[in-house]
Amino acid sequence: MKKLHTILLIDDDPATNFLHKLIIEKENCSEHVVCKQSAEEALVYLKSKIEDNSPHPELIFLDINMPKMNGWDFLEEYKKFDKNRQAKKIVIMLTTSLDPNDKEKAKSIGQINEFQSKPLTSEKLKSILVSNFPNIFNHS
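Residues numbered from 1 in each chain as written. Predicted model: local features only at pLDDT ≥ 70, side-chain atom pairs only at ≥ 80, totals over all residues. Heavy atoms only, no water.

Novice: Which residues make up the pattern of salt bridges, and what values go with them?
Specialist: Using the criterion set out here, one finds seven salt bridges in the structure. One salt bridge in this structure joins Glu27 and Lys126, with 3.8 Å as the shortest N-O distance. Residue Glu27 is located in helix α1 (residues 14-27), and its partner Lys126 is located in helix α6 (residues 122-132); the two are separated by 99 residues in the primary sequence. Judged by relative accessible area, Glu27 falls into the buried class, the value being 18%. Its salt-bridge partner being Lys80, residue Glu77 comes within 3.1 Å of it at the nearest N-O pair. Residue class for Glu77 comes out partly exposed when judged on its relative accessible area of 26%. Overlapping salt bridges bring together Asp11, Asp63 and Lys118 as one network. (Salt bridge = Lys/Arg side-chain N within 4 Å of Asp/Glu carboxyl O. Helix = DSSP H or I, 4+ residues; strand = E, 2+ residues; numbered from the N terminus. Buried < 20%, exposed > 50% of the residue type's maximum accessible area, 1.4 Å probe, protein only.)

All we've got here are geometric facts, nothing functional implied.
Spelled out as structure tokens, the structure:
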């Protein structure tokens, strides 16, 4: 089976990142899983990948509620990246938010492909991969 090169997890909770990384590794769908505990750290990481022209994540799981810079703030900065770099990334909002306004806001932002509730499960991950990367992952 083909794999993604890198999946980026952005969540301020280390236990959540650990759990989600375990699920991704169990499904064996990515060569690398990178965890960042803040939006600021994630932006520095993504900028470094652009600057040294190295492979960048194809899939980003982004939490909404984080201290200092939340997921929405991250997306505002992310939008400033070169469009060619954005096209290769799929952003999935992964959150505990029950606010229906968050889901509506997510639908209005072009960089967000899906809005999912935590925790990430094997079933959710498989569904995300099939719907967003049909040429790599399919039901067969």
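The structure having been displayed, the exposition proceeds.
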